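Below, each chain spelled out in residue letters.
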Amino acid sequence: MPELPEVETIVRSLAPGIRGRVIERARLFFKPLLRQAPRGGLAVLAGKRVLSVRRRGKMAIIECEGGLSLVFHLKMTGQLLLAASGETWDKHTRLIVTFSDGGPELRFRDVRKFGFLLCVSGTPEGACAELSSLGPEPLDITIEDFGRALRGRKARIKGLLLDQTVIAGIGNIYADEILFDSGIHPVTRAAALTKKDAGRLWESTRKILALAIEAKGSTLRDYVDAEGKAGGFQFFHKVYDREGEPCVKCGTPVQRIRVAGRSSYFCARCQRKRRAV
DNA sequence: GCCACTGTTAGCAT
DNA sequence: CATGCTAACAGTGG
């Protein structure tokens, strides 16, 4: 479930472990993971120092010397892990990056193999469409720009929250939690939202994502940080995966419906549908 | 064993 | 262009 809070937690737990260290080599066990790379592949990384580790949307970016960057998307089950050099790994480990100091190595593990890696030259945003096509960061966008991004859109609000070109980093869990917090029904057409609704949605987005980062993300199945530690925000979910349980605000059983092809949990009493304008 | 379901999104149909 | 399904994969649970 790596959405924005999980990827942020991974990046924060990974950065101190690899920043400043020199890459020895990268071993790729599953070729299709590497979607894009310079001629010669990951061998260009040998001898390069890691300069920074950061996040954009749901992607993790490792910037190295020589203008080289690694861009990871974890999709549903991807993990970035720090492991002692030489420690055994399982069949789901797709990549191992070792460092010349012989210290902990970086591993990419992904059960479902949906994740991808790009090795690019130049600014990552300039070098790959996967990054340049992303919408604004939800914790950076102004309330005015947020309103503008939704204004007049006929799509359902939940679908737009999940659309990475509209706003980057929100996935199924946080979309449901944000909509519950703001009291908006997931099938509401964005065009039907009042200015007040949009304002509450912006506030809830910031609040929920900030709380989730503070709790180090939500662990339902596979997600752990770079040190293998689970998150704690799942204990604060108010609607996600709570079908049939009483709403924490009003006691009405939480419902589950399908919106934008995804399971969507909500309280029919606290999240009334808006009348189309 | 079989079927439904899972955190994402690219690609295709409408 | 905007919007909405589906498939890609592997595993889990009923």
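Everything below is about the structure printed above this text.
Participant: Just to check I follow, could you spell out the environment of I213 for this structure?
Facilitator: Examined against the element boundaries, I213 turns out to sit in helix 7 (residues 195-214). What makes I213 buried here is its relative accessible area of 12%. As a C-alpha pair, I213 and I157 span 56 residues in sequence and 23 Å in three-dimensional space. Each residue touching I213, except ones within four places of it in the same chain, is listed here: L4, P5, E8, T9, R12 and L139.

Participant: I'm lost on the nonpolar core in this one. Help?
Facilitator: In globular proteins that are soluble, nonpolar side chains generally tend to be buried together. Formed by 33 residues in total, the largest nonpolar core has its most connected members in L150, I157, I170, Y174 and L201. Among the secondary structure elements, those contributing two or more residues to this core are helix 4 (143-150), helix 5 (157-162), helix 6 (172-182) and helix 7. Setting aside its immediate chain neighbours within four residues, L150 contacts I157, L160, V166, A190, L193 and L201. Formed by 32 residues, the second largest nonpolar core is a distinct cluster that contains I18, L42, A60 and L70.

Participant: Any chance you could explain the pattern of salt bridges here in plain terms?
Facilitator: Pairs may arise between side chains of opposite charge once their charged atoms sit close together. One pass over the structure, following the stated rule, counts 19 salt bridges. With its nearest N and O atoms 2.7 Å apart, the salt bridge here joins D101 to R21. Residue D101 is found in the loop between strand 7 (93-99) and strand 8 (105-110), and its partner R21 is found in the loop between helix 1 (4-18) and strand 1 (23-28); the two are separated by 80 residues along the sequence. R49 serves as the salt-bridge partner of E65, at 3.5 Å between the closest nitrogen and oxygen. Of the two residues, E65 is situated in the loop between strand 4 (59-64) and strand 5 (68-73) and R49 in the loop between strand 2 (34-36) and strand 3 (50-56); the sequence distance between them amounts to 16 residues. Three or more residues are tied together by salt bridges with common partners; here these are E8, R12, R55, R56 and E137.

Calculation rules
- Residues numbered from 1 in each chain as written.
- Chains lettered and ligands numbered in written order.
- Predicted model: local features only at pLDDT ≥ 70, side-chain atom pairs only at ≥ 80, totals over all residues.
- Heavy atoms only, no water.
- Helix = DSSP H or I, 4+ residues; strand = E, 2+ residues; numbered from the N terminus.
- Buried < 20%, exposed > 50% of the residue type's maximum accessible area, 1.4 Å probe, protein only.
- Contact = heavy atoms within 4.5 Å.
- Core = buried A, V, L, I, M, F, W, Y, C linked by side-chain atoms within 4.5 Å.
- Salt bridge = Lys/Arg side-chain N within 4 Å of Asp/Glu carboxyl O.

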